[in-house]
Amino acid sequence: AIDYDKVDEHTKFLIFPISVIGCGKTTTSQTLTNLFPETWGHIQNDDITGKDKSQLIKKSLELLAKQEMKCVIVDRNNHQFRERKQLFEWLDELKEDYLAYDTNIKVIGISFAPYDKLSKIRDITMQRVIKRGNNHQSIKLDELGEKKVIGIMSGFLKRYQPLNIDKSPDNMFDLMIELDFNEIDSSLTNVKQILNEIHRAYPILMPEIPTDDKIDEAFRKSLEYKPTVRKIVGKGNGNQQKTPKLIRPVYISVNAREHDEIINLVRQGVANNKDLSQKFEGLLANDRLQKDFHITLGHVMSSREKEGKKLWKLYLTRYHDQITEYNNNHKENNSGNNQNTSVNTTDKLKFKLSKLCWDDKIIAIVVELSGNETGCLIDVNGDIVNGLKCLNKVPHITVCKIDSNVKAVYSNVLCEKVQSGEAQDENVKVLKLSDAKEFVGDVCLNF
Ligand code: GDP
Ligand code: MG
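Anyway, here's the lowdown on the structure attached to this text. The model shown is predicted, which means the values in this text are computed figures rather than measured ones. (Residues numbered from 1 in each chain as written. Chains lettered and ligands numbered in written order. Predicted model: local features only at pLDDT ≥ 70, side-chain atom pairs only at ≥ 80, totals over all residues. Heavy atoms only, no water.)

Our focus in this paragraph is the overall build of the protein. Helix and strand counts for the protein come out as twelve helices and 13 strands. Across the 447 residues in the protein, those meeting the buried criterion constitute 49%. (Helix = DSSP H or I, 4+ residues; strand = E, 2+ residues; numbered from the N terminus. Buried < 20%, exposed > 50% of the residue type's maximum accessible area, 1.4 Å probe, protein only.)

Pasting the structure below:
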């Protein structure tokens, strides 16, 4: 069982602010990432210009998935409960697309705008944002004019729903940092408080607080920050399209490298049975055998069951880069017509043939996978890949569909019957195959 409360060196962190415009979220975030450039990241909602708003969390999770990344700041105002709730929902829904299912994520909240200081916050932030001028992705003073900028900011202040730690969604944070609001260099004070509180709550994330000199330097640098993205709010961003849905593999297989040798072993296996031997040669001569011999490791359908779901997601995480690359290569024409493509991975699997199962519909081989309890796949270094196992109860290769209408899953049924000893059926022939040879297959993603 996974202990989600445990915090250790594998734990990753997300920071969700609660704020209104101009409180210094971006300045504070920049200061923090200047202090920890390798392990802390920062994704700004203001940099996201497409229609798909969940890109904010998708980009954040993508960054957090990097091995060295420990903490990502998801920079958005989240001034209403609805927005905070949405972040938690997105996280729940999308987390496993980017991180292994057992990755423990802690969510830290930072409240930037104390409710009892709201009138002061109004004055200071309006002065600041006017001074910020055009130095923002969407709120550009010269284009909007002072009146409109003040109008936008007032809207946020009016709708603001401050932190209410006792009720959902605000009671879902693992840690809440409640900042004060000072006139002078509030972001510098903010950063120091954030560092102290995180150090206290999660020393594993921050074993040491940086020196004041380092913090000052990081802060000064962050005041010079200039955005690189230009965002037009309200009018839609030109012809930006909704991000297409990620195409995922339909099944993951191990494709045997030695096709002919497998055929030869089957031939030897049936040699003593004249009837089967003749039939087999007939099928072979008529080119009826499967073109590729593969062991299915997992199918998207098996991911519907509870146990299968976890394992399937683990596979998707393992091959995240290959899946992303496939999607990038198929961006233009991903209308769903480009199926049946296989992508090789660098993982492989070793296996031996065990039994030939033959009935009137299908011929299949039950195989024995090498490996141990932790897994069966081998990575480029020759090490076992932790946690990845075959999702099928009985790993097998479909050799021939005698009945061409039969579905490939029928092999599952037959092999499970044989393996459980239930196949007393006259029509099912089971023959032991020579298991002297160890075969190698490559793990392939089949889209
Ligand atoms: P956000 O809207 O919450 O992301 O606020 P920003 O971080 O963009 O801050 C708004 C403006 O105030 C920017 O021009 C910042 O440079 C400036 N600012 C933020 N924090 C401080 C601070 O502590 N001291 C000073 N002098 N300016 C600040
Ligand atoms: Mg900002």
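Next comes the rest of the write-up.
Moving on to the site of ligand 1. Lining the immediate environment of ligand 1, one finds 14 residues, of which K25, T26, T27, R132 and S187 sit closest. Contact distances for ligand 1 include 2.8 Å between an oxygen atom and a side-chain N or O atom of R132. Compared with its free state, where it exposes 570 Å², ligand 1 has 82% of that area covered by protein. Looking at the shell around ligand 1, the elements that each hand over two or more residues are α1 (25-35), α4 (118-132), α6 (186-201) and α7 (212-223). Per-element tally for the shell around ligand 1: the top contributor is α1, with three residues. (Near = heavy atom within 4 Å. Polar contact = N/O pair within 3.5 Å; in protein donor to acceptor, adjacent residues only side chain to side chain. Areas by Shrake-Rupley, 256 points an atom, 1.4 Å probe, with all protein chains shown as cover.)

In this structure, L14, F16, W40, L61 and I198 are the most contacted members of the largest nonpolar core, which totals 67 residues. When residues of this core are assigned to their parent elements, the largest contribution, six residues, is made by helix α3 (residues 81-98). For W40, the contacting residues outside a window of four places in its chain are I15, L32, T33, M69, C71, I73, I198, L205 and M206. If you look at the next biggest cluster of nonpolar residues, it comprises 47 residues, including I263, L265, F280 and F293. (Core = buried A, V, L, I, M, F, W, Y, C linked by side-chain atoms within 4.5 Å. Contact = heavy atoms within 4.5 Å.)

The omega torsion of the bond from S168 to P169 falls at 5°, within 30 degrees of zero and hence cis. Tracing the backbone shows P169 in the loop between α5 (141-159) and β5 (175-178). With a phi close to 40°, D185 is a non-glycine residue in the positive phi region. Considering the arrangement of structural elements, one finds D185 in the loop between β5 and α6. We note that D287 has phi near 60°; this positive angle belongs to a residue other than glycine. Position of D287 among the secondary structure elements: in the loop between α9 (274-285) and β7 (294-299). Under the relative-accessibility criterion, D287 is labelled exposed at 53%.

Taking 1.5 Å of rise per residue, 13 residues should cover 18 Å, and helix α10 (residues 306-318) covers 19 Å from first to last C-alpha, within 8% of that figure. Inspection of α10 places G308, L311, W312, K313, L314, Y315, L316 and T317 among the buried residues, and these make up the whole buried set. Residues of α10 that are buried in the fold lie against α3, β6 (251-256), β7, α11 (320-329) and β10 (377-378). (Expected span 1.5 Å × (residues − 1).)

Another point: the packing of helix α2 (residues 55-64) against α3. As a packed pair, α2 and α3 sit with axes 9 Å apart at the nearest point and diverge in direction by 45°. One element, α2, and the other, α3, form an angle in the oblique class. In this structure, the crossing between α2 and α3 has a hand that is right-handed. Across the interface between the two elements, L56, I57, K58, L61 and E62 of α2 pack against L87, W90, L91, L94, K95 and Y98 of α3. (Axes fitted to C-alpha atoms, helices over the stretch in contact; angles between N-to-C directions. Parallel < 35°, antiparallel > 145°, perpendicular 65-115°, else oblique. Left-handed = near helix turned anticlockwise from the far one by under 90°.)

All chains considered together, the criterion is met by nine aromatic pairs. Measuring from ring centre to ring centre gives 5.4 Å for F16 and F88, while their planes differ by 70°; the resulting arrangement is edge-to-face. Residue F16 is found in strand β1 (residues 12-18), and its partner F88 is found in helix α3; the two are separated by 72 residues along the sequence. Assigned by exposure class, F16 and F88 land together as buried. (Phe/Tyr/Trp six-rings, centres within 6.5 Å; stacked < 30°, edge-to-face > 60°.)

Turning to its location among the elements, S187 is positioned in helix α6. Note on S187: relative accessible area 5%, which makes it buried. Beyond its immediate chain neighbours, meaning those up to four positions away, S187 contacts C23, G24, T27, T28 and F219.

So, about a nonpolar patch on the surface. Nonpolar side chains collect at one region of the surface, where V250, V300 and M301 lie side by side and expose about 210 Å² of accessible area between them. Structurally, the position occupied by M301 is in the loop between β7 and α10. (Patch = residues over 30% accessible without salt bridge, like charges linked within 9 Å, V, L, I, M, F, W, Y side chains within 5 Å. Salt bridge = Lys/Arg side-chain N within 4 Å of Asp/Glu carboxyl O.)

All right, on to the sheet that holds β1 then. Strand order in the open sheet made by the five strands is β2-β3-β1-β4-β5, with parallel pairing throughout. Every interior strand has two partners, whereas the edge strands, β2 (40-44) and β5, have only one. The mean inter-strand angle of the sheet, taken between neighbouring strand axes irrespective of direction, is 20°. Examined bridge by bridge, β2 and strand β3 (residues 71-75) share five bridges and lie parallel to one another. Its bridge partner lying in β3, G41 is registered against V72. On the sheet, α2 packs against β1, β2, β3 and β4 (105-111) and is oriented at approximately 165° with respect to β3. In this fold α3 packs onto β1, β3 and β4, with an angle of close to 160° to the strand it touches most, β1. (Pairing = 2+ DSSP bridges.)

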